[in-house]
Amino acid sequence: KMAAGGGWPAVCGKFRAARTLSAVESLKDPETEPYRSKYSARALLQEVKQLLSAAEEGGEERVLAVRRAVLEYELGVNHADTEELSAGEEHLQRCTQLLEPHRLSPDCVSLYIQAQNNLGILWSRRDEIETAQTYLESAEALYNQYMKEDGNPPLDPSEHFMAEEEKLTDQERSKRFEKAYTHTLYYLAQVYQHLDMIEKAAQYCHTTLKRQLEYCGYYPVEWARNAATLSQYYLSKECFMEARHCLAAASVIFSQAGNMPSAEDNETEQDQHDLPERKAEIARCWIKYCLNLLQSARKLLEDNIGELDPDRQLELKAQRKKEEDEKEKGRKKAVLFGTSDICDSVLAMEEKVSSVYPLDFQEAREIFLVGQNYVQEAKEFFQVDGYVTDHIEIVQDHSALFKVLAFFEEDYERRCKMHKRRIDMLEPIYADLNPQYYLLICRQLQCELADTYYEMMDLKVAIGNRLEKLDSHTVKKINSLAQFAIKYYELFLDSLRNPDKVFPEKLEEDVLRPAMVAKFHIARLYGKLITSDGKKQLENMQTSLEYYTFLVDYCEKYPDAVPAIETELELSKEMVTLLPTSMERLRAKLSPCV
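Conventions and cut-offs
- Residues numbered from 1 in each chain as written.
- Predicted model: local features only at pLDDT ≥ 70, side-chain atom pairs only at ≥ 80, totals over all residues.
- Heavy atoms only, no water.
- Salt bridge = Lys/Arg side-chain N within 4 Å of Asp/Glu carboxyl O.
- Helix = DSSP H or I, 4+ residues; strand = E, 2+ residues; numbered from the N terminus.
- Buried < 20%, exposed > 50% of the residue type's maximum accessible area, 1.4 Å probe, protein only.
- 1 Å grid on protein atoms, 1.4 Å probe; cavity = no way out; pocket = protein on both sides within 12 Å on 5 of 7 lines; lining within 4 Å.
- Points joined across faces, edges and corners; volume = space filled by probe spheres on them.
- Nonpolar A, V, L, I, M, F, W, Y, C, P; charged D, E, K, R; others polar.
- Core = buried A, V, L, I, M, F, W, Y, C linked by side-chain atoms within 4.5 Å.
- Contact = heavy atoms within 4.5 Å.
- Expected span 1.5 Å × (residues − 1).
- pLDDT = per-residue confidence, 0-100.

1. A look at the pattern of salt bridges
Now for step 1: Under the criterion given, the structure shown has 43 salt bridges.
Now for step 2: The shortest N-O distance in the salt bridge between R225 and E281 comes to 3.5 Å. Here R225, found in helix α9 (residues 220–236), pairs with E281, found in helix α11 (residues 269–301); they are 56 residues apart in sequence, far enough to count as distant.
Now for step 3: Its relative accessible area of 39% is what places R225 among the partly exposed residues.
Now for step 4: Where R513 meets E568, a salt bridge forms, and the shortest distance between an N and an O atom there is 3.2 Å.

See below:
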């Protein structure tokens, strides 16, 4: 019943040609005319629209309305693709108006949801996130209502321009409908993230990833990246089992990239080119996993002076034995990704590293070694030349892995060696950095190097205290470590001076605590220097007193600084009253009696 020109098959042919132009041909458009195929597709869609209007006399009202809605939808997406958002919005609105009365029927529901998805995307491109949210949430509600009330695989929008014999199977219909709904959830996850509804965003991201695997609709590289990002959310919540699961899945799916003929495998040349970088990014997420797991365990195990508390250790080990048997079973089901063959690979990947808190050196070392392997892998791509900041961050994480492993080590000598490894990796990096361009990183490294030397000095003093008599070698070692610590703290404090080398009157909030801790530690370090020369000792005490006094005076002048350094302030006040007396005594001992 179609107007002249080949009837209905010709109309369907035009419609199909428009879709091919849009989806396939447009990928080959030259940079000078990026929308050439999109414009040709638009012209064909307009022609189909004319032919439909011409046929309206005899056609069935409902069928025509739905076909017109399909065209409005295609035109809406077409205009949005060519950056003409207002026109795109008009077409998409017209599509939903035409479908409104029939939106829950099998021939309309999929199209209606896809139109709302696209309105959601369109509004988020305008940065109107709340408006986008209403469209997407309404699409989500419609899907759920349809599945509850009908549930049969609905028609795919393209079927409205197909001959009877070309219609899709139920299986294919279902797959396409579920894919449209997965898109709804994917965009909602992004909307919630924009609105800082982080928990909801994570939940939707998780569901999206799960569905993409279920329906085999994903690009391996993008999927792996999203799963790795989600793992970082679970880390922030200390959900280590879920974090590990996401990372294991990311690693497994990533390994399919480049050798997987999936339906969606049109990842571009660019993606293939980026593979080494993406792989290194996932390695960095694994480093964070190992580091966070070790650091959280340290928090549970440390006493009030930061040492491992053996009673707490026994208590936690007993508690863990009891929980282990109950917990694993319950939580596993909730998060599992994918089909059985994927699950097996993911489980194998998970078994390489624990997801429970390490409670002794042996357990900590196993996690440390996994982290260290990923450090090597990440450094292969993120090399100093070309990726300075990334490279340094990875080395800082490596150093942090050694630092937290040292906490679990009981032997002081071996603990010292671990800190020495940190010095050896950080010093060469620091030496090569230009503070003019990398001031912030320089400061971080100065503080970390100073803290590490300080820690080593404390360990050497503890080792010395166990000896009958301090030998000259240990004295030399203690003094040299203290001098290095002082050197790096002073470098950090100097970096706060203005171009005229004047130290700031009032410290900025971000450097307040580090600067005060540096002053406090320098005061302590001068007190630890060992010398048999009485005069030198008096000088050191005087310097020490000056640094303690700085802290006390500063806090009197700026009381709002107190909360940042309460413990250090208390000790400094004590020292400011005690030191002068000790110095008097030493002076008396030095000056011969008159």
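We are not done yet, so read on.
2. Focus: the layout of surface pockets
Now for step 1: Empty space within the second largest pocket amounts to approximately 1,400 Å³.
Now for step 2: Together, 35 residues line the second largest pocket, and I305, G306, Y454, E455 and D458 are the ones closest to its centre.
Now for step 3: Among the secondary structure elements, those contributing two or more residues to the lining of the second largest pocket are α15 (388–408), α16 (412–431), α17 (439–465), α19 (509–528) and α21 (566–590).
Now for step 4: Looking at the lining of the second largest pocket element by element, the count peaks at 10 residues for α17.
Now for step 5: Split into classes, the residues belonging to the lining of the second largest pocket amount to 14 nonpolar, seven polar and 14 charged.

3. Points about the nonpolar core
Side chains of nonpolar character tend, in soluble globular proteins, to be buried together.
Now for step 1: Counting residues in hydrophobic clusters, the biggest one holds 177 residues, and the most contacted among them are F161, W223, W286, Y289, F408 and L507.
Now for step 2: Take this core: its biggest share by element is 14 residues, from α11.
Now for step 3: Not counting chain neighbours up to four residues away, the residues in contact with W223 comprise L209, Q212, L213, Y218, A249, A250, I253 and F337.

4. Here's the deal with helix α18 (residues 472–494)
Now for step 1: Taking 1.5 Å of rise per residue, the 23 residues of α18 would be expected to cover 33 Å, and the 32 Å separating its terminal C-alpha atoms lies within 8% of that figure.
Now for step 2: For α18, the full list of buried residues reads T474, V475, I478, N479, L481, A482, A485, I486, Y488, Y489, F492 and L493.
Now for step 3: Contact partners of the buried residues in α18: α16, α17 and α19.

5. Looking at the confidence of the model for the chain
Now for step 1: Of all residues in the chain, 93% have pLDDT values of 70 or greater, and the mean over the chain is 90.
Now for step 2: Low pLDDT, under 50, characterises residues 261–265; the stretch is placed with eight contacts to residues that sit more than four places away or in other chains.

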